[in-house]
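# Per-entry structural report
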Amino acid sequence: MSKRDFTFRIGGAAGDGVSSTAESFARICSRSGLHVWTYSSYQSVIRGGHVWTQVRAGADPLLSHGEAPEVLVALNQATLDVHEGGVAEGGVILYDSEALKVDPSKHRPRVRALGIPLRRLAQTLSPNAVMRNTVALGAAVRLLDLDFRHVETAFKGIWGSKKPEVVAQNVQAARLGANEVQDHGGSLRLGIPYTNVPRPLMTGNEAVCLGALAAGCKFLAQYPMTPASSIMHWMAAHGPAHGVVVKQVEDELAAINMAIGAGFAGARAMTATSGGGFCLMVEALGQGGMTETPVVAVLVQRAGPSTGLPTKTEQGDLNLVLGAGQGDWPRAILAPRTPEECFSLTAQAFNLAEIYQTPIVVMSDLYLGEGHRTVGDLDFNVPIVRGMMAADGGTPQGFRRYARTASGVSPRAFPGTKGFVFQAGTDEHTESGELISDVLAGLPGSVEERRRMMEKRMRKLDGLRKDAPGPELWGPADADLTLISWGSTHGPAREAILRVEGDGVKVNHLEFPTLFPLHVEDATSLLKGARRTLAVEGNFTGQFTRLLRAETGIAPTHFLGKYDGEPFGAREIADKIHEVVR
Amino acid sequence: MKTAFELQTYKSAVKPTWCPGCGDFALLNALQKAIHALQLEPWNVVIVSGIGCSSNLPHFLSTYGFHGLHGRAVPVASGIKLANPDLHVIIAGGDGDGYGIGLGHTLHAMRRNLDVTYLVMNNQIYGLTTGQASPTSEKGMKTKSTPIAGVIENPIDPIALAIASGATYVARGFSGDVKQLADLVQKAIEHKGFSLIDCLSPCVTYNKVNTYDFFRERVYSLEKEGHDPSDMKAAFARAIEWPVVQHERIPLGLFWQAKGVPTYEDLEPALAKGAPAKQSLGLEDPEELLKHFL
């Protein structure tokens, strides 16, 4: 039986061009019609360290970044030392035969050590040998029988049409590598079908940007922070053509406050950050809740606490977002499971933010945000719903910006609208926006007023719960075990379930695209019949597990947490499933 | 012909909450006079403030207002201005708000030269929190938070900071002279670029040092002494006179004005597509966008 997918891994020092070579390889695979999933392991250094990127590609949709690679490209000795023992049976280790040493005693059966003089071959084209990666890339393309014309297209994507000589030189370098494979045992003959119909390849962060554009986002203010920075990079390059003002500002306090200012003025506005930056934003998010100003905040999580592991993944910021800001204010927390959902939930977040006039948080993580994946159809026909506007039939006389309504939503007016002047206050205020904090607080009428204003704002949670996507049960209704997860754990969890299915274990999966407000009734009824439950999430304390228990009274019977900085692999979840159902 | 707006049009029904005699009344009056003199449409004016006694100001005028968080008025105002550059955006607040907790934002907003006006009611004390030292409190001043040795930090010099940071209209007013203050505010609003007015605004309750009399004995007019506000070196020299160099003479008026400097909005490429708050929403050509990913 021929294989349906393969895994490619390239490692070297930071600055060796590992990630750009991997991205080219991923692009070649996606242009071959394969589904692609990448994962990069890197450190917080600009030069040195040991970095590697894994590209998994297959004829069928993928659910994780895969495990043992069929092809390993080692650009330095550290890569061999760390990875050569992990190459799949029958796989290939591509390395510079004149600079590095393999240790065949570590290799699994039938692993081919394919030594190529990468540096020397590259130097035949350019004295500084920068193209040694490209030589290796060409070899990998040949090993996997990928169509060589995609190599040129991938290079054009990087260097554009402005530098045709660079593209031509790199294609030549790739050919040198391919020829070496021809002379040393030929391709792996995996027999994977290539349609050569290209699939779009993007990161979760880029999908967030597309979702934002589709929803009419016109303002992004951000401060650089891994792994959220690429949202700003993409938007800074492509946003202005769509009328998006993109600003790198002095800190995250400025970022969220500017976005709130833009939202108040009537622009669809967002900010993006990781956990540390989000910590700085919490007071302003409460300001959005109190002044009833729409804003979208994207939180791409990395491993905490504190500076933590800046280049590693985790799902450890749920408690932070649940409790962001003093006091109670209505919020929704959406957690995309896939790049497609990074697109669709970000787009939906803009609608929810304006319909309910409150901050909406979209939470992804490094694994989902930075990994390149091929995506299916993205529906760019996003309906744009701006919510209740005062000028639509409202009368300017006695305009009450914070009028108490059944939904908790009041008519909104943008500055510049004649007749609907009001003052938004972060102090508690009346329906018309007059403060009750200063001279009225505690007086009999104001005690009642305060209570009613709180209730008005918090009523929005009912609508948010209704409009935000509820939990989904995936897999057989009648199962030995129900997995519970959120966010990027979705893929590895589903892959684990498919694996254990082969062992005769029936598992289904309850997934939560909305973390708050929790769909308590749906979750309760979906979990009622579960024999055993295993909550899987990327943090220490089981932050979502605790929320689920607090809201539904249902405590998952088993828990698998992960806090080592790495994403879940299908194997470790499958192992845990076996342990639980044994 | 347009109907003229009366002075009263700009006043709201909310009675100011300040102590009788508070310097902030003068700034409120000056601002009202200035926007009246300019005949701004009240619905096209947004007053943004932070937290503090002076930050209650937006409620006392019948324009749009955003009364936000302590120290964050400047970024909120920046977002409003970038989203809709047609609005007149005026920031109002105190010395704690703008020179203390929010100083970082103040400096960065000035170096952007956004076309907004920042009115700082500087009373050299924290009033709303009942009398602690502020970033402009004079050295040696005893306050609730400095009861033993008094303030041992040097005060911030907002005028020098503003000139150095790229603000293009920098002035100091005094609540004891509403006429001059109104004139400065009017010119600040008319100025294209970031304008800062540091208004000496005595706190009659908690600052017993920097009183109206204290200032009346010391203030003098830059204009009358022939200061040229287009001369940056001269502006710096005047800026550091008080409180850096000496404590006897305090210059009032326009220190520095750079005309014709492009504003942040002028330089922002995305605004060529129109104000973010006014553009039609939705993507015209998603297929074109997807090409980046193939």
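For every chain, the first residue of the written sequence is number 1, and numbering continues from 1 along that sequence. Working convention: letters from A go to chains and numbers from 1 go to ligands, in the order in which they are written. Only residues with pLDDT of at least 70 are given local features in this predicted model, and only at 80 or more are side-chain atom pairs given and counted; all residues enter the totals for whole chains, interfaces and linings.

This part covers the overall build of chain A. Per the secondary structure count, chain A includes 19 helices and 21 strands. Note that the radius of gyration is over C-alpha atoms, with the globule rule given as 2.2 Å times the number of residues to the power 0.38. Relative to the globule expectation of 25 Å for 582 residues, the C-alpha radius of gyration of chain A, 26 Å, shows essentially globular dimensions. Its C-alpha atoms give chain A principal-axis dimensions of roughly 90 × 60 × 40 Å. Residues with at least 20 other C-beta atoms within 10 Å of their own are called buried, those with 12 or fewer are called exposed, and the rest are partly exposed. The C-beta atoms themselves are positioned from the backbone. Counting every position in chain A, which comprises 582 residues, the buried fraction comes to 56%. Residues are defined as contacting one another if the C-beta atoms placed from their backbone atoms lie within 7 Å. Summarising the internal contacts of chain A: among those between residues at least 6 apart in sequence, 73% fall at separations of at least 24. A helix here means a DSSP run of H or I that spans at least four residues, while a strand means a run of E at least two residues long, and both kinds are numbered starting from the N terminus.

When you go through chain B residue by residue, the secondary structure sums to eleven helices and ten strands. Relative to its length of 294 residues, chain B is compact, with a C-alpha radius of gyration of 20 Å against a globular reference of 19 Å. For chain B, the spread of C-alpha atoms along the principal axes amounts to about 70 × 45 × 40 Å. For chain B, the proportion of its 294 residues judged to be buried stands at 53%. For chain B, the share of sequence-separated contacts (at least 6 apart) that also reach a separation of at least 24 residues comes to 70%.

Moving on: the interface of chain A and chain B. Listed per partner, the contact involves 55 residues of chain A and 48 residues of chain B. At the level of elements, β7 (201-203), α7 (204-214), β8 (217-222), β9 (245-248), α9 (252-265), β10 (268-273), α10 (275-291) and β15 (423-425) of chain A are the ones that each hand at least two residues to the side of chain A that touches chain B. Counting residues per element, the side of chain A that touches chain B draws most heavily on α9(A), which supplies ten residues.

Residues and elements named next belong to chain A. Topologically, L320 is positioned in helix α11 (residues 318-322). C-beta crowding within 10 Å serves as the criterion here: with 18 such atoms nearby, L320 is assigned to the partly exposed category. In sequence terms L320 and G369 are 49 residues apart; their C-alpha atoms lie 19 Å from each other. Not counting the four nearest positions on each side in its chain, L320 is found in contact with G275, F278 and C279.

What follows covers the sheet that holds strand β21 (residues 558-561) of chain A. Within a beta sheet, neighbouring strands are joined by backbone hydrogen bonds and run either parallel or antiparallel to one another. Residues and elements named next belong to chain A. With mixed pairing, five strands are arranged side by side in an open sheet as β16-β18-β17-β20-β21. On the outer flanks of this sheet lie β16 (472-474) and β21, each paired with one strand and no other. The sheet shows a mean angle of 20° between the axes of neighbouring strands, direction not considered. Note that strand β17 (residues 481-485) and strand β20 (residues 533-537) share three bridges and pair parallel. Looking across to β20, one finds that T482 is bridged to T533. Across the sheet, helix α19 (residues 570-581) is in contact with β17, β18 (507-511), β20 and β21; its angle to β20 comes to roughly 155°. Two strands make a pair as long as DSSP finds a minimum of two bridges between them. Comment: axis = line fitted to C-alpha atoms, over the contacting stretch for helices; angle = value between 0 and 180 degrees taken between N-to-C directions.

Let us now look at the pairing of strand β8 (residues 195-200) of chain B. All names here are of chain B. Taken across its six residues, β8 has six buried, putting it largely inside the fold. Bridge count for strand β4 (residues 117-122) against β8 is six bridges, and the pairing is parallel. Of the residues in β8, the one forming a bridge with V120 is D198. In this sheet, β8 lies alongside strand β7 (residues 169-174) in parallel orientation, the contact comprising six bridges. Paired with Y169 across the two strands is S195, which belongs to β8. In this fold, β7 hands off to helix α6 (residues 178-190), which returns the chain to β8; that crossover is right-handed. The handedness of a crossover follows from its direction of travel: if, with the strands pointing away from the viewer, the path from the first strand over the helix to the second runs clockwise, the crossover is right-handed.

Time to look at the nonpolar core. In this usage, the nonpolar core is the set of buried Ala, Val, Leu, Ile, Met, Phe, Trp, Tyr and Cys residues whose C-beta atoms join them within 7 Å. Core analysis: the biggest nonpolar cluster contains 244 residues, and A:L94, A:A140, A:F219 and B:L119 have the highest contact counts within it. Beyond its immediate sequence surroundings of up to four residues, A:L94 is in contact with A:V71, A:L72, A:V73, A:A74, A:L114, A:I116, A:A136, A:A139 and A:A140.

As a further point, take helix α6 (residues 164-183) of chain A. Residues and elements named next belong to chain A. The length a helix should cover is 1.5 Å for every residue beyond the first. Over its 20 residues, α6 extends 29 Å from the first C-alpha to the last, a length consistent with the 28 Å expected when each residue adds 1.5 Å. Buried within α6 are the following residues: V167, N170, A173, A174, L176, G177, A178, E180 and V181. Residues of α6 that are buried in the fold lie against β6 (112-116), α3 (118-123), α4 (132-143) and α5 (149-159). Note on α6: the residue one or two positions beyond its end, G185, has a positive phi of about 100°.

So, on to the domain arrangement of chain A. Residue and element names in this part refer to chain A. Domain extents, as shown, originate in an automatic or database domain assignment. According to the domain assignment, chain A contains domain 1 (5-199), domain 2 (202-374), domain 3 (388-468) and domain 4 (472-581). Distance between the C-alpha centres of domain 2 and domain 4: 26 Å. Contacts between the two partners involve 24 residues from domain 2, matched on the other side by 21 residues from domain 4. Looking at the side of domain 2 that touches domain 4, the elements with two or more residues in it are α11, β12 (332-334), α12 (339-356), β13 (359-365) and α13 (366-370). Here the side of domain 2 that touches domain 4 is built from residues that sort into twelve nonpolar, six polar and six charged. Residue type decides the class: Asp, Glu, Lys and Arg count as charged, Ala, Val, Leu, Ile, Met, Phe, Trp, Tyr, Cys and Pro as nonpolar, and the leftover types, Gly among them, as polar.

This paragraph deals with the sheet that holds strand β1 (residues 45-49) of chain B. The strand order β15(A)-β2(B)-β1(B)-β3(B)-β4(B)-β8(B)-β7(B)-β10(B)-β9(B) describes an open sheet built from nine strands, whose pairing is mixed. What marks the edges here is a single partner per strand, and that holds for β15 of chain A together with β9 (219-221) of chain B. Sheet twist, expressed as the average angle between the axes of neighbouring strands with direction ignored, equals 20°. Along the sheet face, helix α2 (residues 73-83) of chain B touches β1, β2 (64-67) and β3 (88-94) of chain B and points at about 175° away from the line of β3(B). Lying over the sheet, helix α5 (residues 158-165) of chain B contacts β4, β7, β8 and β10 (250-257) of chain B, oriented at roughly 165° with respect to β7(B).

The two faces of the sheet receive side chains in turn, since in a regular strand these alternate between them. With six of seven residues buried, strand β2 (residues 35-41) of chain A is to be regarded as a mostly interior element. Once β2(A) ends, the chain turns through six residues before running back antiparallel as strand β3 (residues 48-58) of chain A.

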